[in-house]
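Examination of the molecular architecture
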Amino acid sequence: MPHALHAVRGEILHFLADPADRSDALVHFPDGLLLIENGHIAALGPAPAMLATLPPELPVTDHRGKLILPGFVDTHVHYAQTDIIASHGEQLLAWLERYTFPAEARFADPAHAAEVAAFFCDELLRNGTTTALAFATVHPASVDALLSAAHARRMRMIAGKVLMDRNCPPALRDTAHGGYAASKALIERWHGTGRLGYAVTPRFAPTSSDAQMRLAGQLYAEYPDLHLQSHVAENRSEVAWAAQLYPTARSYLDVYEGFGQLGPRTVFAHCIWLDDADRARMAATGAAISFCPTSNLFLGSGLFDLDRAHAQGVRVGIGTDVGGGTSFSMLQTLNEAYKVLQLNGQHLSPERAFYLATLGGARSLYLDHRIGNFAPGKEADFVVLDPAATPLLARRALAGTLAERLFVLMMLGDDRCIAATHILGEPAWTR
Ligand code: GUN
Ligand code: ZN
């Protein structure tokens with residue numbers, strides 16, 4: 001039974017800003033109380049002081065000893081690649097041909113799509129992820145399967161049918177006008193239903209014709225609050241291929257801009273091989289980057305330049321990019337983000353890492369008026385983290401400053417640390 005008014009107690013933290021911009025961005029209550037009314041945040045503060053003013057019969061779930069954070073936001077993931085996670089031996093273009101396209105072809109079967117969608121949504125919840133921007137496949141019914149599964153779990157999910165009309169197997173090919181019409185029907189069916197949204201989803205410029213790219217940009221402009229998602233500048237062979245296919249564009253990113261695909265609520269995965277002019281265009285238009293470290297290491301794609309993106313004012317969120325990425329866990333993804341940045345001579349503080357996984361992701365998706373932290377009125381999606389979930393964590397995690405404890409959690413933690421995931425205040429998954 002959902003409670004109209006209830007509370008959770010524990011060590012609570014969230015962000016009001018990017019810790020790289022403001023020293024007071026992180027808000028922390030060692031013994032905090034989160035008051036929830038009808039699935040939304042009513043108040044947050046120190047537990048003893050708040051409890052003294054609240055009715056004694058208020059139901060309070062006691063998570064003392066655990067950390068309560070806003071639910072994680074995965075800004076780039078492919079649900080249809082769940083079953084090819086950890087496929088050996090290839091870089092991007094060969095990996096697409098050998099593993100990805102055959103796996104996506106199976107989604108012509110709606111029963112297969114429904115089974116994978118249910119597993120995928122449960123796996124997100126098991127990992128503390130409450131919001132995702134996801135690719136489906138070229139098949140419209142694959143979007144129905146994912147959005148139905150997310151709706152049943154009350155998750156925030158934005159997804160789209162892949163647009164792909166060239167350079168791919170015939171079984172996965174749509175047409176410029178057919179893909180546009182199918183996307184439009186899905187928008188009418190799903191966009192704005194409960195917590196669901198639609199994202200226009202050209203896979204990447206090499207698999208769409210000029211006509212399809214133009215119609216994708218047109219569709220994004222036709223509705224005021226649609227998302228658009230794609231991939232750009234991930235792998236050097238891919239960048240060279242895009243340059244061949246679009247010889248008049250200034251850069252690979254410029255292809256998307258030329259077709260009207262840069263703007264608010266557009267999210268581009270990877271963005272490794274961009275230049276300053278590209279990043280300036282993303283910042284000026286409001287387009288966001290999804291940094292996908294496990295994928296970038298696994299596929300040998302390259303090292304993302306977070307400092308440059310930040311200095312140029314581009315929005316950045318974190319993506320697991322399953323199945324190019326190797327984990328559904330946002331904690332494991334932060335672990336590899338730290339290492340990618342080490343290899344690039346850059347430093348990711350634990351505070352910044354958890355900001356990127358929560359409010360940073362919400363800002364990248366332009367959803368920070370609804371989710372991303374515990375500001376009053378926001379949707380009460382949160383994760384309860386067990387800092388002593390394993391014997392090693394129990395030895396390493398219990399002492400030290402908050403920053404030290406957060407760092408240990410992101411380096412050693414994974415799904416075993418997710419004690420519970422709450423959606424709109426109610427438990428959606430419990431360990
Ligand atoms: N570029 C185009 N398609 C894909 C995909 O499915 N995964 C990744 N990582 N990159 C892509
Ligand atoms: Zn991807």
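Whatever comes next refers back to the structure up there.
Scope of this entry: the structure provided in the associated data block. Bear in mind the structure is a predicted one, so any value in this text is a computation, not a measurement. Every residue gets a number counted from 1 within its own chain, in the order that chain's sequence is written. Numbering of ligands from 1 and lettering of chains from A proceed in the order in which they are written. The predicted origin of the model limits local features to residues at a pLDDT of at least 70 and limits the giving and counting of side-chain atom pairs to 80 or more, whereas totals for whole chains, interfaces and linings rest on all residues. Only hydrogens and water are removed before side-chain values are computed, so all heavy atoms of the structure are retained for them.

**Looking at the site of ligand 1**
In this text, near means that some heavy atom of the residue lies within 4 Å of the molecule or strand in question. Surrounding ligand 1, one finds His78, Gln81, Leu92, Trp95, Leu96, Arg203, Phe204, His231, Glu234, His270, Ser295 and Asp321. Contacts described as polar in this section are N or O atom pairs within 3.5 Å, which, within protein, must combine one atom able to donate a hydrogen with one able to accept it, while residues neighboring in sequence count only if both atoms come from side chains. Contact between ligand 1 and arginine 203: an oxygen atom at 2.7 Å from a side-chain N or O atom of the residue. The contact in question runs from a nitrogen atom of ligand 1 to an N or O atom on the side chain of histidine 270, over 3.4 Å. Areas reported as accessible are Shrake-Rupley estimates using a 1.4 Å probe. Residue values count occlusion only from the protein chains shown. In the complex, 100% of the free accessible area of ligand 1, which totals 280 Å², lies under the protein chains. Put plainly, a pocket is an open set of points on a 1 Å grid over the protein atoms alone with protein on both sides within 12 Å along at least five of seven lines, a cavity is a set where a 1.4 Å probe fits but cannot get out, and a lining residue has an atom within 4 Å of a point. Criterion for pocket placement: a molecule counts as inside a cavity or pocket if more than half of its atoms are within 2 Å of its grid points. Applying the majority rule of atoms within 2 Å of the grid points places ligand 1 in the largest cavity. With three residues, the single largest contributor to the shell around ligand 1 is helix 2 (residues 92–105). The residue makeup of the shell around ligand 1, split by class, is four nonpolar, five polar and three charged. Comment: elements are numbered from the N terminus, with helices defined as DSSP H or I runs of at least four residues and strands as E runs of at least two. Nonpolar residues are Ala, Val, Leu, Ile, Met, Phe, Trp, Tyr, Cys and Pro. Charged residues are Asp, Glu, Lys and Arg, and all others, Gly as well, are polar.

**Here we look at the coordination of the zinc ion (ligand 2)**
Note on the zinc ion (ligand 2): its protein donors are His76 (NE2), His78 (NE2), His231 (NE2) and Asp321 (OD). The metal-donor distances range over 2.0 to 2.3 Å. Sites may look incomplete, because water is not among the atoms used; the donor set itself consists of N, O and S atoms within 2.8 Å of the metal (3.2 Å for Na, K and Ca). Site shape is set this way: if four donors have all angles between 85 and 135 degrees, tetrahedral; if opposite donors are over 155 degrees apart and all others between 65 and 115, square planar for four donors and octahedral for six; otherwise irregular. Taken together, the four donor atoms surrounding the zinc ion (ligand 2) define angles of 91 to 169 degrees at the centre, an arrangement classified as irregular. Along the chain, the residues donating to the zinc ion (ligand 2) fall in the pattern H-x1-H-x152-H-x89-D. Here histidine 231 is found in strand 10 (residues 227–232), whereas its partner aspartate 321 is found in the loop between strand 13 (315–318) and helix 12 (330–343), with 90 residues between them in sequence. Here histidine 231 and aspartate 321 have matching classes, each one buried. Exposure classes here rest on a 1.4 Å probe applied to the protein chains alone. A residue is buried below 20% of its type maximum, exposed above 50%, and partly exposed in between.

**Some remarks on the pairing of strand 10**
Of all six residues in strand 10, six are buried; the element is thus mostly enclosed. Side chains His227, Gln229 and His231 of strand 10 all project onto a buried face; the interleaved residues Leu228, Ser230 and Val232 project onto the opposite face, where all are buried too. When DSSP finds two or more bridges between two strands, those strands count as paired. Note that strand 9 (residues 196–202) and strand 10 share two bridges and pair parallel. Among the inter-strand pairings, valine 200 is bridged to a residue of strand 10, identified as leucine 228. Crossover handedness for the path strand 9 to helix 6 (residues 210–222) to strand 10: right-handed. Across five bridges, strand 10 lies against strand 11 (residues 266–270) in parallel orientation. Bridge assignment links leucine 228 to a residue of strand 11, and that residue is threonine 266. By convention, orient the strands away from the viewer: a clockwise path from the first strand over the helix to the second makes the crossover right-handed.

**Quick notes on the sheet that holds strand 2 (residues 26–37)**
With respect to topology, seven strands assemble into an open sheet ordered 3-2-1-4-14-15-16, the strand pairing being mixed. Of all the strands in the sheet, the pair left with one neighbour each is strand 3 (40–46) and strand 16 (426–430). On average, each strand axis in the sheet is tilted by 35 degrees relative to the strand beside it, whichever way the strands run. Two residues qualify as a contact provided that any one of their heavy atoms is within 4.5 Å of a heavy atom in the partner residue. For helices, the fitted axis covers only the stretch in contact; all axes are lines through C-alpha atoms, and the angles between them, taken along N-to-C directions, range from 0 to 180 degrees. Against the sheet, helix 13 (residues 350–364) makes contact with strand 1 (5–15), strand 2 and strand 4 (60–70), and its axis sits at roughly 130 degrees relative to strand 1, the strand it touches most.

**A word on a nonpolar patch on the surface**
Residues with no salt bridge and a relative accessible area higher than 30% make up the patches, which join like charges within 9 Å and nonpolar side chains (Val, Leu, Ile, Met, Phe, Trp, Tyr) within 5 Å. We define a salt bridge as a contact between a side-chain nitrogen of Lys or Arg and a carboxyl oxygen of Asp or Glu at a distance within 4 Å. A surface patch of nonpolar side chains, about 250 Å² in accessible area, is lined by Leu297, Leu303 and Leu343. Mapped onto the fold, leucine 343 is located in helix 12.

**Looking at the environment of valine 384**
By the element assignment, valine 384 lies in strand 14 (residues 382–385). Here valine 384 falls in the buried class, since its relative accessible area comes to 0%. In this structure the C-alpha to C-alpha distance between valine 384 and isoleucine 12, which are 372 residues apart in sequence, comes to 9.2 Å. The contact partners of valine 384, leaving out residues within four places of it in the chain, are His63, Lys66, Leu67, Ile68, Cys417, Ile418, Ala419, Ala420 and His422.

**Here we look at unusual backbone geometry**
Following valine 322, the chain continues to glycine 323 via a peptide bond in cis, the omega torsion being 5 degrees. Turning to its location among the elements, glycine 323 is positioned in the loop between strand 13 and helix 12. Phi at asparagine 167 is positive, roughly 55 degrees, even though this residue is not glycine. One non-glycine residue, leucine 424, adopts positive backbone phi at about 45 degrees. Looking at the element boundaries, leucine 424 is found in the loop between strand 15 (418–423) and strand 16. Among the residues examined, leucine 424 registers a relative accessible area of 15% and is labelled buried.

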